[in-house]
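Understanding the architecture of this molecule
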Protein chains: 2
Amino acid sequence: MRAVVMHGPGDVRVEDVADPAIIEPTDAVIRVTATCVCGSDLWPYRGIEQQDGPAQMGHEYIGVVEQVGPGVRYVGAGDLVVGSFVACDNTCEICRSGFQSRCVHQVMMGAIGTQAEYARIPLADGTLVKVPGEPTPEQARSLLAASDVLGTGWFGAVAADAGLGKSVAVVGDGAVGLLAVMAAERLGSERIIAMSRHPDRQALARRFGATDIVEERGAEGVARIRELTDGYGAHSTVEAVGTQESMAQAIGATRPGGHVGYVGVSHGVELDGLELFFATVSLLGGPAPVRRFLPELVDLIMSGRIDPGVVFDLTLPLEEAAEGYRAMDERRATKALLTP
Amino acid sequence: MRAVVMHGPGDVRVEDVADPAIIEPTDAVIRVTATCVCGSDLWPYRGIEQQDGPAQMGHEYIGVVEQVGPGVRYVGAGDLVVGSFVACDNTCEICRSGFQSRCVHQVMMGAIGTQAEYARIPLADGTLVKVPGEPTPEQARSLLAASDVLGTGWFGAVAADAGLGKSVAVVGDGAVGLLAVMAAERLGSERIIAMSRHPDRQALARRFGATDIVEERGAEGVARIRELTDGYGAHSTVEAVGTQESMAQAIGATRPGGHVGYVGVSHGVELDGLELFFATVSLLGGPAPVRRFLPELVDLIMSGRIDPGVVFDLTLPLEEAAEGYRAMDERRATKALLTP
């Protein structure tokens, strides 16, 4: 089959690789109908994260089940399914508490690679959620967004305790940040402040429910958010970048007793214990347990209540994956969808 | 009046200082009936924290109101009262959300000094809680414990989300850690694991409700706690020390999706963002909003349901404060009570 392989920084190729097969009885193999390039794929692309030799890429996917192992009971050939970037059994105590991204049997889909024609999905019964009915092309894009960026933004908003009567600040205007705005809106938040300097992303943030836009950054950005929240700071802040500056901004923008949900993969972040102590905010983050939210997200999408797929502003055939990476690296695109 | 003054590391004296007076209309002046030496008083005593010139010490107290300013409505002369180490208005949004230790008008009592015959209490209506009835000597000691160590341990347990069905690990066997064990027990926790190597403190932990004692520290301590919790780690961990090692131990002992409540004042703690990201635990800590819990704690003490005062294992007249500091510094005493 054809698959995206990264050979080194900046060197993405589409090549012939072996077809995936059932290895464990709990596996499924799916024909990938849509996949995409993640912001986190850019870290090795930019050489900031080391990789050892060529690697298949991708961890977001929707597709149709081709084949299942003898231990799979809840999905079967022909089912349209969506899963997240972590395969999980969905039965261990950690999964049942809603943290499927840290399942005791977790398999990172990035180590398998879903930017390909087919993909093996471990722990298929726990990992995959069936899509009811026939999605429109727009809904199919939105389901793909649910696989990672929507689910991650949603977790960020939930971890930040967004909800009724709350003021929510969102640091980061990439796909995850924008969809955290959408989540905060769906959760009933009163005021949603998006931090962004890009007019097109500001527009999308407003479309998703942002009530205010803050262009300032650092200490000025924090001061502006305090101004917008009667001097107290936001009840809830979502951090969707992963740098020292963005974490400091998120913690600084949050009132004592408030919550920070951080979903940007940390790169070089160091938190000073004493500063954190006197900030007196709740901090929760990590790889998002997207599986917790998937059934609800699929329902919201298939009933036409949310359209997260609009974050995809570039669609390419799988063969042109390299251009997808380039466009995101150069910030010409927010998020590139690939069709095998 | 007589008051404890620290002149420099190891140099604690009891001296004549000016009597306190009403400064703001919202002030009260109390006659201190009992005060004590805090673990945090040992930081400057040991020279680890710098201080500029001689300073009055102490921030824990119970006492009888002598005088109130014209703006005070809810307490009056003759009332027996207890307050926490942060004076607060108890009316601002931060206070009303339960984070009185970060009140927008907060005054740190340590900057005033309660190891003295009398003390000025700012924002008396918000800060002080009246004690109903006449406490026994044992209850009076327990009320003093409520002023800081009990309230701080309680916050640690609440911040760690201790409660029904939960496994709770407590890192630190000082007065705060021991009283976090008591709080975890009162909150209905199923399993309470105290980390301690001191037989007398282990005994007190068991008396307060610990079901297990772990003597190992560091990676071994973490492994032992995982063993005791079916390999998952504790649902809830209270950190009551404030060092790099104790924080790492607390985070490592907690399962993904679990909660760490940290109440040890951080000294030199640095948290690695990526490690924290993949730990996927909730972190909440800071100066404890003791005021949130005081009414309930006073009730539990006056109705004889808890006896936190047993953590005081040394009682001295105020004049012998220096010996109280020495005994705690040399770990001959867990907590020294001073009677003016």
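So, how was this worked out
Residues numbered from 1 in each chain as written. Chains lettered and ligands numbered in written order. Predicted model: local features only at pLDDT ≥ 70, side-chain atom pairs only at ≥ 80, totals over all residues. Heavy atoms only, no water. UniProt positions renumbered as here; feature names shortened; annotations may be inferred. Helix = DSSP H or I, 4+ residues; strand = E, 2+ residues; numbered from the N terminus. Rg over C-alpha atoms; globule rule 2.2 N^0.38 Å. Buried < 20%, exposed > 50% of the residue type's maximum accessible area, 1.4 Å probe, protein only. Contact = heavy atoms within 4.5 Å. Buried area = accessible area lost by both parts, 1.4 Å probe. Salt bridge = Lys/Arg side-chain N within 4 Å of Asp/Glu carboxyl O. Polar contact = N/O pair within 3.5 Å; in protein donor to acceptor, adjacent residues only side chain to side chain. Nonpolar A, V, L, I, M, F, W, Y, C, P; charged D, E, K, R; others polar. Pairing = 2+ DSSP bridges. Domains from an automatic or database assignment. Least-squares fit on C-alpha atoms with pLDDT ≥ 70 in both. Phe/Tyr/Trp six-rings, centres within 6.5 Å; stacked < 30°, edge-to-face > 60°. Lys NZ or Arg CZ within 6 Å of the ring centre and 35° of its normal. Axes fitted to C-alpha atoms, helices over the stretch in contact; angles between N-to-C directions. Parallel < 35°, antiparallel > 145°, perpendicular 65-115°, else oblique. Left-handed = near helix turned anticlockwise from the far one by under 90°.

Named according to an unreviewed UniProt entry, chain A is Zinc-dependent alcohol dehydrogenase family protein originating from Nocardiopsis tropica. Under the heading Cofactor (unreviewed entry), UniProt records this for chain A: "Zn(2+)". UniProt's Sequence similarities (unreviewed entry) comment on chain A is quoted here verbatim: "Belongs to the zinc-containing alcohol dehydrogenase family."

Attention now goes to the overall build of chain A. Helix and strand counts for chain A stand at twelve helices and 19 strands. For chain A, the C-alpha radius of gyration of 19 Å lies close to 20 Å, the compact-globule estimate for 340 residues. For chain A, the spread of C-alpha atoms along the three principal axes comes to 60 × 40 × 40 Å. The burial tally for chain A puts 59% of its 340 residues in the buried class. Looking at chain A alone, contacts between residues at least 24 apart form 68% of all its contacts between residues at least 6 apart.

Counting from both sides, the interface comprises 35 residues of chain B and, opposite them, 35 residues of chain A. With both sides pooled, the region where chain B packs onto chain A buries about 3,200 Å², and carbon together with sulfur makes up 61% of that total. For the pair chain B and chain A, the number of links is two salt bridges. Among the ionic pairs, Glu93(B) bridges to Arg255(A), the shortest N-O distance being 2.7 Å. At the boundary of chain B and chain A, one finds 18 residue pairs in polar contact (both at pLDDT 80 or more). Where the side of chain B that touches chain A is concerned, the elements lending two or more residues are α2 (93-96), β15 (254-262), β16 (270-272), α10 (273-279) and β17 (282-285) of chain B. Take the side of chain B that touches chain A: its biggest share by element is six residues, from α10(B). Of the residues contributing to the side of chain B that touches chain A, the split by class is 20 nonpolar, nine polar and six charged. Judged from the three bridges that link them, strand β16 (residues 270-272) of chain A and β16(B) form a sheet pairing that is antiparallel. Paired with Leu271(A) across the bridge in β16(B) is Leu271(B).

Residue and element names in this part refer to chain A. Taken in spatial order, the three strands line up as β2-β1-β4 in an open sheet, and their pairing is antiparallel. Either end of the sheet is taken by a strand with one partner, and the two such strands are β2 (11-16) and β4 (55-56). Pairing between strand β1 (residues 2-8) and β4: two bridges, direction antiparallel. Across the sheet, residue Val 5 finds its bridge partner in β4, namely Gln 56.

All names here are of chain A. When you line up the elements, Ala 322 lands in helix α12 (residues 321-329). Here Ala 322 falls in the partly exposed class, since its relative accessible area comes to 24%. Separated by 119 residues in sequence, Ala 322 and Ala 203 place their C-alpha atoms 28 Å apart. Ignoring sequence-local partners within four residues, the contact set of Ala 322 consists of Val 12 and Tyr 45.

All names here are of chain A. Although it is not a glycine, Asn 90 sits at a positive phi angle of roughly 60°. Here Asn 90 is to be found in the loop between β7 (86-87) and α2 (93-96). On the basis of relative accessibility, which here comes to 25%, the residue Asn 90 falls in the partly exposed class.

Further remarks concern the domain arrangement of chain A. Residues and elements named next belong to chain A. Each assigned domain of chain A is listed with its residue range as follows: domain 1 (2-148 + 289-339) and domain 2 (153-285). Each of domain 1 and domain 2 has a C-alpha centre, and the two are 26 Å apart. With 20 residues of domain 1 in contact, the opposing surface of domain 2 contributes 16 residues. A buried area of about 1,600 Å², summed over both sides, lies between domain 1 and domain 2, and 69% of it is on carbon and sulfur atoms. Contact with domain 2 buries surface across domain 1, with Trp 43, Arg 331 and Thr 334 losing the most and accounting together for 26% of the total. If you look at where domain 1 meets domain 2, you find one salt bridge. For Asp 307, the salt bridge identified is with Arg 207, shortest N-O distance 2.3 Å.

Next up on the list: the relation of the copies chain B and chain A. Rotating chain B by 180° about the axis while translating it 0.0 Å along that axis superimposes it on chain A, leaving an RMSD of 0.0 Å. Within this description, the copies of the chain are treated as partners about a two-fold rotation axis. Here 100% of the contact residues of chain B are again contact residues in chain A; the copies associate through an equivalent surface.

Moving on to the pairing of strand β14 (residues 234-239) of chain A. Residue and element names in this part refer to chain A. A large share of β14 lies buried, amounting to five of its six residues. Both β14 and strand β15 (residues 254-262) contribute to a ladder of five bridges, which runs parallel. Counted as the bridge partner of Glu 239 is Tyr 262 from β15.

Below, the discussion takes up the packing of aromatic side chains. Scanning the model with the defined rule gives eight aromatic pairs over all chains in all. Members of the aromatic cluster, connected to one another through ring pairs, are Tyr262(A), Phe277(B) and Phe278(B). If you follow Arg292(A) out to its NZ or CZ, it ends over the ring of Phe99(A), 5.1 Å from the centre.

Time to look at the sheet that holds strand β1 (residues 2-8) of chain B. All names here are of chain B. Strand order in this open sheet of three strands is β2-β1-β4, and the pairing throughout is antiparallel. The open sheet has two free edges, formed respectively by β2 (11-16) and β4 (55-56), since each of these has just one partner strand. Looking at chain direction, β1 and β2 are connected through six bridges and run antiparallel. Across the sheet, the residue bridging to Gly 8 is Asp 11, located in β2. On top of the sheet, helix α12 (residues 321-329) reaches β1 and β2; it is set at about 160° to β2, its chief contact.

What follows concerns the UniProt feature "domain: Alcohol dehydrogenase-like N-terminal" (unreviewed entry) in chain A. Mapped onto this numbering, the UniProt entry gives "domain: Alcohol dehydrogenase-like N-terminal" (unreviewed entry) at residues 25-132 of chain A. Its end C-alpha atoms 25 Å apart, residues 25-132 of chain A is made of 11% helix and 29% strand.

Residue and element names in this part refer to chain A. Relative to each other, helix α5 (residues 149-159) and helix α11 (residues 290-302) sit at 110°, their axes nearing to 10 Å. The orientation of α5 with respect to α11, classified from their angle, is roughly perpendicular. By crossing handedness, the relation of α5 to α11 is classed as right-handed. Residue-level inspection shows Leu 150, Gly 151, Thr 152, Trp 154, Phe 155 and Val 158 of α5 in contact with α11, the latter providing Val 290, Arg 292, Phe 293, Glu 296, Leu 297, Leu 300 and Ile 301. Of the residues in the contact of α5 with α11, the class split is nine nonpolar, two polar and two charged.

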